[in-house]
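Overview (structure and organization)
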Amino acid sequence: MLLNHYSVFLLVALTLCTALRIGLILRHRRSVAAHRSAVPEPFAQTIELAAHQRAADYTRARLQVALLQTPVEAALLVLWTLGGGLQSLYEWTASLASPGGSTHALLWIAAFALVNGFVELPFSVWRTFVVEARFGFNRSTPRLFLADLAKEIALGMLLGTPLILAAIALMNSAPAWWFWLWLLWLGFNLLALWLFPSVIAPLFNRFEALDNPELARRIEALLDRCGFPHYALYVMDGSRRSAHGNAYFAGIGRARRIVFFDTLLAKLDEAEVEAVLAHELGHYAHHHIWWRFVALALVSLAALWLLAWAAADPAFYHGLGLASAQPAAALLLFAMIVPLVGFPLAPMFAALSRSHEYAADRYAARHAVADKLISALVKLYRDNAATLTPDPIYSLFHDTHPPATLRIAQLRTATH
Ligand SMILES: [Zn+2]
């Protein structure tokens, strides 16, 4: 075991990042508790105190899971690296395949992912079968939960194997491999964007065309008005797993579509559905998928360049608990360090996402009725037990959507 500046960097970054994560959770928990006794002013007429308190309790219950998971993940990272876990796993998998070859590398990475998944599992079970169940949201069964898990593992192997093999081949042969790996990574992401709605999502849910003629007519009129004729609109059986209602847009090119959860349609009236759809169309009209893609491209280029710089230095491996320099080791260390280095950038990505939500709301206000989007949002916040009183700094890091108060304030100015 050799400690060097990489070990020190890891320990300092991990300590700061874990302290920041926990500090944010505690702040958020305090903010939610401090506002539990009264519904905030803009919602005083629309959300009852009991619903507001249920949202506070639900938020706190979820934070409790995160509060335990954060230090466990930090400890695991130390065990993997400075604790020699990665090196032990490397030696153990060496007995299963010819050492140093690509099969060995794949086995090593797969075993690493499996152990991480195993550690994450109790938290996921706790969230689904304790927290979600206690607040009446869970509809999943242990059987469905296990089937999902099996599918996720199979999908991860199917998509991950060629990507890892290609990455290792590039790292072994091309001098500027980080650039080629970046192009490969972007291609892989484009493929995933394209395949997600029509190939990946249907593995987990059933998608059907909307079968409400009255609503369909309304929607067609909206699509025409917005210049999106023949747009694919689907209803998903979200109720299979959860009572939470939602809507999303996904896909690029011909595969693009807007998806409504059946649980959302059950709650909203037709004008509200139209307003929510207008919001989702706003994301397409403003090309938000491509903005996100550009952000991903820039950050991954910088990250891969940094990886190439570290991977060329034997001290990088030795300082992080590995005996030898090799591509698979660089990839594993990279996968562990990226979240640490990336967490300080989280507010930037969250801000980009929130600005997209505001833009989509403004689009909806222009093409549908803003008051209807407000009433849909109020129903969603209430029924999903989403807190109305987040801590502002926690929100800065974690919230992809603006706080309810600010979103509704913007929509109100749009109506008057
Ligand atoms: Zn949105």
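Below or above, wherever it landed, is the structure these notes cover. This one's a predicted model, so the numbers in the text were calculated from it and none came from an experiment. (Residues numbered from 1 in each chain as written. Predicted model: local features only at pLDDT ≥ 70, side-chain atom pairs only at ≥ 80, totals over all residues. Heavy atoms only, no water.)

1. Some details on the overall build of the protein
When helices and strands are tallied, the protein shows 16 helices and 4 strands. In terms of overall size, the protein behaves like a compact globule, its C-alpha atoms giving a radius of gyration of 23 Å where 416 residues would be expected to give roughly 22 Å. Along the first, second and third principal axes, the C-alpha set of the protein runs to 65 × 50 × 40 Å. Expressed as a percentage of its 416 residues, the buried residues of the protein come to 48%. Long-range pairs, those at least 24 residues apart, make up 76% of the contacts in the protein with a sequence separation of at least 6. Of the roughly 20,500 Å² that the protein leaves accessible, carbon and sulfur atoms contribute 67%. With 32 positive and 28 negative side-chain charges, the protein shows a separation of 2 Å between the mean positions of the two kinds. (Helix = DSSP H or I, 4+ residues; strand = E, 2+ residues; numbered from the N terminus. Rg over C-alpha atoms; globule rule 2.2 N^0.38 Å. Buried < 20%, exposed > 50% of the residue type's maximum accessible area, 1.4 Å probe, protein only. Contact = heavy atoms within 4.5 Å. Areas by Shrake-Rupley, 256 points an atom, 1.4 Å probe, with all protein chains shown as cover. Lys, Arg positive; Asp, Glu negative; His and termini not counted. Charge placed at Lys NZ, Arg CZ, Asp CG, Glu CD.)

2. Re the coordination of the zinc ion
Taken together, the protein donors to the zinc ion comprise His-279 (NE2), His-283 (NE2) and Glu-357 (OE), at separations of 2.0 to 2.1 Å. When the donors of the zinc ion are listed by position in the chain, the intervening gaps give H-x3-H-x73-E. Separated by 74 residues along the polypeptide, His-283 in helix 9 (residues 270–285) and Glu-357 in helix 13 (residues 346–367) bring together distant segments of the chain. Note on His-283: relative accessible area 3%, which makes it buried. (Donors = N, O, S within 2.8 Å, 3.2 Å for Na, K, Ca; no water.)

3. Points about a nonpolar patch on the surface
A contiguous nonpolar surface patch, about 510 Å² in accessible area, is contributed by Val-294, Leu-298, Val-299, Leu-345, Met-348 and Phe-349. For the nonpolar patch, the elements supplying multiple residues, two or more each, are helix 10 (288–311) and helix 13. Broken down by element, the residue count for the nonpolar patch peaks at 3 residues, all from helix 10. On the basis of relative accessibility, which here comes to 32%, the residue Val-299 falls in the partly exposed class. (Patch = residues over 30% accessible without salt bridge, like charges linked within 9 Å, V, L, I, M, F, W, Y side chains within 5 Å. Salt bridge = Lys/Arg side-chain N within 4 Å of Asp/Glu carboxyl O.)

4. Description of the pairing of strand 3 (residues 247–250)
With 4 bridges joining them, strand 3 and strand 4 (residues 257–261) adopt antiparallel strand pairing. The residue bridging Ala-250 from the neighbouring strand is Arg-257, located in strand 4. Where strand 3 folds back on strand 4, the antiparallel hairpin that results is connected by 6 residues, among which Gly-251 adopts a positive phi of roughly 95°. (Pairing = 2+ DSSP bridges.)

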